[in-house]
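The chain contents come next:
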Amino acid sequence: MKQIKKIILVLLLVVVCLVGILQFVFGGVDMKGKNNVQKNNPSEVKNRKEPEGGESDDVWQEMAKKYLGDIPDIHVYSPDETMRQDDWSYEIKNARVTKEKDPRWDSIPDYPEYEYDEDGNILNSYSFLSVGIRVLCEEKSPNRELCLNSMYMAVFDETGEKVYTSEAATAALGKPFTKNYFYCSLEKGELLDTEIVYMMPDKYVKNNYYYLMIVNNHGVTPETGNEVGLMKIPIGEGK
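Help me understand the pattern of salt bridges in this model?
Pairing is possible between side chains that carry opposite charge, provided their charged atoms lie close to one another. Using the criterion set out here, one finds 12 salt bridges in the structure. With a closest N to O distance of 2.7 Å, R104 and E195 form a salt bridge. Of the two residues, R104 sits in the loop between β3 (88–98) and β4 (126–137) while E195 sits in strand β10 (residues 191–201), which places them 91 residues apart along the sequence.

Quick look at the structure:
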């Protein structure tokens with residue numbers, strides 16, 4: 001009789017152990033699945049693409065691709081980087097948005113949409129975007145001159161969509177605003193330190209917008225990233 005009780009007790013223990021093991025295995029799978037929803041795998045966080053409007057360089061790259069198309073070798077340079085394009089290297093020093101005309105600027109655009117006071121300061125819903133830039137002549141190719149008007153500006157909203165573009169309106173070159181005003185003849189090793197000024201509607205002046213300077217010396221649609229220069233303007237998300 002005692003032996004039968006022992007056998008029954010052992011069988012009960014085996015059943016209890018089996019039930020516990022099954023709950024652990026199958027219950028553990030469910031719990032693990034729930035945890036994966038709530039917690040991020042470190043490798044997934046590292047490789048995850050930042051959402052639009054984030055501060056990752058991926059956002060700038062995606063904007064450039066939207067604007068230029070999916071061409072190879074696109075790189076967006078930060079203000080602390082020097083960009084080489086053809087014979088010249090470029091470096092953005094600073095940028096500011098203002099309604100006041102700087103006396104160093106050679107002119108202001110004379111179009112009906114812009115309203116000025118007697119000193120050239122803007123009175124209506126536009127602003128000057130002034131970008132301080134250095135351009136160094138690295139090589140001197142025959143029949144090639146630097147054209148500052150090939151450096152235009154594009155604005156992207158918080159979702160990365162382009163909302164505005166503008167060519168240079170004026171600069172601080174110390175010369176009259178004529179037909180060839182934006183052309184600069186630099187010798188090898190010569191440095192141009194100036195400000196390039198763009199006109200921009202106030203509705204596009206926002207802290208969560210992205211501002212790019214685009215250098216296209218060839219004046220044609222680029223087929224690779226090496227044929228166009230992209231630099232972050234240090235305002236908005238570019239700060």
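What exactly am I supposed to notice about the sheet that holds β3 here?
Here 5 strands make up an open sheet; going across it, the order is β2-β3-β4-β10-β8 and the pairing antiparallel. Strands at the two margins of the open sheet, each flanked by one partner only, are β2 (83–85) and β8 (170–171). With 3 bridges joining them, β2 and β3 adopt antiparallel strand pairing. Considered in β3, the bridge of M83 is made with Y90.

Even after reading the chapter, I still don't get unusual backbone geometry, so can you show me in this structure?
Peptide bonds are trans in most cases, and residues, glycine excluded, mostly fall at negative phi. Of note, D73 is a non-glycine position whose phi angle comes to about 65°, a positive value. Here D73 is to be found in the loop between α3 (57–68) and β1 (76–77). The residue D86 is not glycine, and still its phi comes out positive at about 55°.

Would you mind showing me how to read the pairing of β4 here?
Note on strand geometry: in a regular strand, side chains alternate between the two faces of the sheet. Summarising burial for β4: 10 of the 12 residues are buried, a large majority. As paired strands, β3 and β4 are joined by 10 bridges and run antiparallel to one another. Across the sheet, residue W88 finds its bridge partner in β4, namely C137. As paired elements, β4 and β10 share 11 bridges and run antiparallel to each other. Pairing of Y126 across the sheet is with P201, part of β10.

Just to check I follow, could you spell out the sheet that holds strand β7 (residues 162–166) for this structure?
Within a sheet, each strand pairs with its neighbour through backbone hydrogen bonds, oriented either parallel or antiparallel. Strand order in the open sheet made by the 5 strands is β1-β12-β11-β6-β7, with mixed pairing throughout. Both edges of this open sheet fall to β1 and β7, since each of them pairs with a single strand only. Two strands pair when backbone bridges link them, and β1 and strand β12 (residues 229–232) are joined in this way by 2 bridges, in the parallel orientation. Bridging across to β12, V76 finds its partner in L230. Relative to strand β11 (residues 210–215), α3 is tilted by about 55°, and along the sheet it contacts β1, β6 (151–156), β7, β11 and β12.

Is there a simple way to think about the packing of aromatic side chains in this case?
The geometry of an aromatic ring pair is captured by two quantities: the separation of the ring centres and the angle between the planes. Counted according to the given criterion, the structure contains 9 aromatic pairs. Their ring planes at 65° and their centres at 5.0 Å tell us that W105 and F128 sit as a pair that is edge-to-face. Residue W105 is located in the loop between β3 and β4, and its partner F128 is located in strand β4; the two are separated by 23 residues in the primary sequence. For F128, a relative accessible area of 1% gives the class buried. Between Y181 and F182 the ring centres are 5.0 Å apart and the planes differ by 80°, which places this aromatic pair in the edge-to-face class. Here the two residues Y181 and F182 agree in accessibility, since each one is buried. The ring of Y181 carries K175 above its face, with NZ or CZ at 5.7 Å from the centroid.

Is there a simple way to think about the environment of L68 in this case?
With respect to the helices and strands, the residue L68 is situated in helix α3. When the C-alpha atoms of L68 and E223 are compared, they prove to be 8.9 Å apart, with 155 residues separating the residues in sequence. In this structure L68 touches P222, V228 and L230, once residues within four positions along its chain are discounted.

Reading the values: rules and limits
Residues numbered from 1 in each chain as written. Predicted model: local features only at pLDDT ≥ 70, side-chain atom pairs only at ≥ 80, totals over all residues. Heavy atoms only, no water. Salt bridge = Lys/Arg side-chain N within 4 Å of Asp/Glu carboxyl O. Helix = DSSP H or I, 4+ residues; strand = E, 2+ residues; numbered from the N terminus. Pairing = 2+ DSSP bridges. Buried < 20%, exposed > 50% of the residue type's maximum accessible area, 1.4 Å probe, protein only. Contact = heavy atoms within 4.5 Å. Axes fitted to C-alpha atoms, helices over the stretch in contact; angles between N-to-C directions. Phe/Tyr/Trp six-rings, centres within 6.5 Å; stacked < 30°, edge-to-face > 60°. Lys NZ or Arg CZ within 6 Å of the ring centre and 35° of its normal.

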